[in-house]
Amino acid sequence: MTLGRLLRRPDLPTAGARWCEAALPEESVYRFLARERTRLFPPELFADLFQATGRRSVPPSILAVVMVLQRLEGLSDREAADRFAFDVRWRYAAGVADAVAGEETASFASTVLVDFRARLRRSADPDRIFRVTCELARQAGLVGVRRVLDSTPLEDAVATQDTVTMLRGAIRGLLRACPPPLAAKVRRLLRRDDDYITPGKPVCDWQDRAAREELVDALVRDGYRAHDALRGERLDARVAEAAALLATVTGQDIEETSDGRFRIFEGTAPDRVISTVDPEARHGHKTAAHGFDGDKGHVAVDPDSEIIGAAEVSPAATGDAVVAPTLLGDLAPDEGEPTAGGVVYGDSAYGTGTHLAWLDEHGLTPMVTTQIPTAPGGRFAKDQFRVDLQAQTVTCPARVTVAISPARRGGGRAWFGAACSVCPLRDACTSSVRGRVVTIHPHEAQLAAARARQRDPVWRADYRATRPKVERKLAHLLRRRHGGRRARVRGLVRVTQDWKLLAGAVNLARFAALGLRSTSTGWQVQPA
């Protein structure tokens, strides 16, 4: 398929375009895209996605505009294709407001969007639309040296499955992935009375505990038999992936009893796979009381212009601070000098010792909150002990000083032991018969400095005025449930591509609201 280009037809009527220019407000994203589309999405931007010969594609500048508007309005591919065919605002934004019915730029099938996303995903630059908006923001001087970080749950596009459904689904997935001769070999070793063809849960008397336990044991044993059938076989990537998923599912929730039977153990395994349909989805917690299933979307926002400078998606169980260095790549590049005066804002999820040490190493000023130590029962918290890292000692409220025993990976422990048995403050300090133990974090110095900073009224005023701005930007990203709060695709790669496209679309809408225009001297903000 070759690169499609817009036809130039000056003889066509322009009634649709004139009507949109008169009716749409100046800060409308439709007007912004219509005016700046060719500079944002020139044909060269997508030339690597197409071949030199073949059938002509729908012009990629049109598809880019449609994908941006689709993400802003939370539409499916079919709805987006219909909207482009019948909504003059969309056609005006794409530069074909007055295309005649039957022309290739007047409408297209919804599968064209699927193909275009797949081409982007396979390319060396899959997130180029978002990248274009970030580069444009820098050229226009809309991003400075401050960033506000935050994350939000992205609910998965599949149903969370129980262990029985995943066990059977993983066996079915392996049989589907195997070539016929290998699938026949696997089937010969399976012993359950099940063809593993029809989807869903197996037949069982779910009210009978013994029947449930027997079913779990039989499914696990069939899973092990299926793996035995693969021994010595050369597996292609698809079969190896299905085999790895089966191994994960049979191991994550299952334990062997003393009588040699397999059963589901109580509790939840860490980093647990929750669906064989989307093996990368995970259980996550935004707060202690709010859990969700799926992935987690992360953003870094300039608090002054409210432009999204970076976006990323991680499994739901990943900590926010783990992703933060990726979001701050423009302030602290791997190669070269970090941005002078860089300031990073974030809630306590970013106030870990490791992240604070990383910010300090890259010369970035942390404006992130750090949790204050607490102790059960209202007893003395850790911050009521005087920790002297230079002398490697800890002094308790009763003025007893003990040495810190270093740990292998940094930090250590200060154990007061026998001193607690005769201490008059014992009941207010610990209930342990062995005495109070104070744990020293490997990055204790950074944590102590952060806690001291956040007690400053000036620091708190700056934080409270700046950090909440990211919440409004997340509200813009998530105002549509389809493709916003709930992912509309499966798999971490696809969800990431969709999230970054949404971030780029929200950036373009922000450019329109700011009055950004291209001039002979470059991009400039020209408020209405």
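Our subject is the structure that appears above.
Residues numbered from 1 in each chain as written. Predicted model: local features only at pLDDT ≥ 70, side-chain atom pairs only at ≥ 80, totals over all residues. Heavy atoms only, no water.

**Description of the overall build of the protein chain**
Selection criterion: A helix here means a DSSP run of H or I that spans at least four residues, while a strand means a run of E at least two residues long, and both kinds are numbered starting from the N terminus. For every residue, the accessible area obtained with a 1.4 Å probe (protein chains only) is divided by the maximum for its type, and the residue is called buried under 20%, exposed over 50%, and partly exposed between those limits. Note on definitions: a residue-residue contact is assigned when non-hydrogen atoms from the two residues lie within 4.5 Å. We get accessible surface area from the Shrake-Rupley algorithm with a probe of 1.4 Å; when it comes to residues, only the shown protein chains can shield them.
Secondary structure summary: the protein chain contains 17 helices and 16 strands in total. Its C-alpha atoms give the protein chain principal-axis dimensions of about 100 × 70 × 40 Å. When each of the 528 residues of the protein chain is scored for burial, the buried share is 48%. Residue pairs in contact within the protein chain that sit at least 24 positions apart in sequence constitute 68% of those at least 6 positions apart. Here the protein chain has roughly 26400 Å² of accessible surface; of this, 51% comes from carbon and sulfur atoms.

**Looking at helix α8 (residues 163-177)**
Put simply, the rule is: Expected span, for any helix, means 1.5 Å times one less than how many residues it has. Under this definition, polar contacts are N or O atom pairs within 3.5 Å; protein pairs additionally need one hydrogen-donor-capable and one acceptor-capable atom, and for neighbouring residues in sequence, both atoms have to be side-chain atoms.
When the terminal C-alpha atoms of α8 are compared, their 21 Å separation across 15 residues agrees well with the 21 Å that a helix rising 1.5 Å per residue should span. Most of α8 sits inside the fold, with 14 of its 15 residues counted as buried. For α8, the N-terminal capping position is held by D162, with its side-chain oxygen 3.2 Å away from the main-chain nitrogen of V164.

**Describing the sheet that holds strand β12 (residues 405-406)**
Worth spelling out the cut-off: Here the rule is simple: two strands pair whenever DSSP picks up at least two bridges between them.
One open sheet holds the three strands; their spatial order is β12-β13-β14, and the pairing between them is antiparallel. Lying at the two open borders of the sheet, with one neighbouring strand each, are β12 and β14 (437-440).

**Points about the sheet that holds strand β10 (residues 393-395)**
Where we set the bar: Angles run from 0 to 180 degrees between N-to-C directions of axes, and those axes are lines fitted to C-alpha atoms, restricted for helices to the stretch in contact.
Taken in spatial order, the three strands make up an open sheet running β9-β10-β11, and their pairing is antiparallel. Of all the strands in the sheet, just β9 (386-388) and β11 (401-403) have a single pairing partner and so form its edges. Adjacent strand axes in the sheet meet at a mean angle of 20 degrees when their direction is disregarded. When β10 meets β11, the two strands line up antiparallel, connected through three bridges. The residue bridging V394 from the neighbouring strand is V402, located in β11.

**Examining the side chain of R31**
Within the secondary structure layout, R31 lies in helix α2 (residues 29-40). R31 sits in the buried class, given a relative accessible area of 17%. The residues touching R31, leaving out its near neighbours within four places in the chain, are E21, L24, P25, E26 and Y92.

**A few points about the pattern of salt bridges**
For clarity, the threshold we go by: Should a side-chain nitrogen of Lys or Arg be within 4 Å of a carboxyl oxygen of Asp or Glu, the pair is scored as a salt bridge.
Taken as a whole, this structure holds 39 salt bridges when the rule is applied. With a shortest N-O distance of 2.8 Å, E233 and K185 are connected by a salt bridge. Taken together, the positions of E233 in the loop between α10 (209-229) and α11 (237-252) and K185 in helix α9 (residues 180-189) put the pair 48 residues apart, joining distant regions of the chain. Residue K185 is classed as partly exposed on the basis of its relative accessible area of 26%. Between K500 and E312 there is a salt bridge; the shortest N-O distance is 3.6 Å. Residue K500 is located in helix α17 (residues 492-514), and its partner E312 is located in strand β6 (residues 308-315); the two are separated by 188 residues in the primary sequence. Summarising the burial analysis for this pair, K500 and E312 share the class buried. Salt bridges sharing partners connect three or more residues here, namely E26, R31, R35, E36, R39 and R517.

**Some remarks on unusual backbone geometry**
Of note, the phi angle at Y196 is positive, near 55 degrees, even though the residue is not glycine. Within the element layout of this structure, Y196 appears in the loop between α9 and α10. Of note in this structure, E306 is not a glycine but carries a positive phi near 60 degrees. With respect to the helices and strands, E306 occurs in the loop between β5 (291-301) and β6.

**Describing the pairing of strand β7 (residues 343-346)**
Remember that side chains alternate between the two faces of the sheet whenever the strand is regular. The following threshold applies: Here the term right-handed applies to a crossover when the path leading from its first strand over the helix to its second strand runs clockwise, the strands being oriented away from the viewer.
The two faces of β7 match: V343 and Y345 on one face and V344 and G346 on the other face are all buried. Sheet analysis places strand β1 (residues 146-155) next to β7, joined by three bridges and oriented parallel. Residue pairing for β7: R146 is matched across the bridge by V343. You can see the chain leave β7, run along helix α13 (residues 353-361) and come back into strand β8 (residues 365-368), and the turn it takes is right-handed.

**Looking at the environment of R464**
Looking at the element boundaries, R464 is found in helix α15 (residues 457-466). The class for R464 is exposed, based on a relative accessible area of 60%. Sequence separation of R464 and D98 is 366 residues, and the distance between their C-alpha atoms is 49 Å.

Shape is all these values report; function is a separate question.
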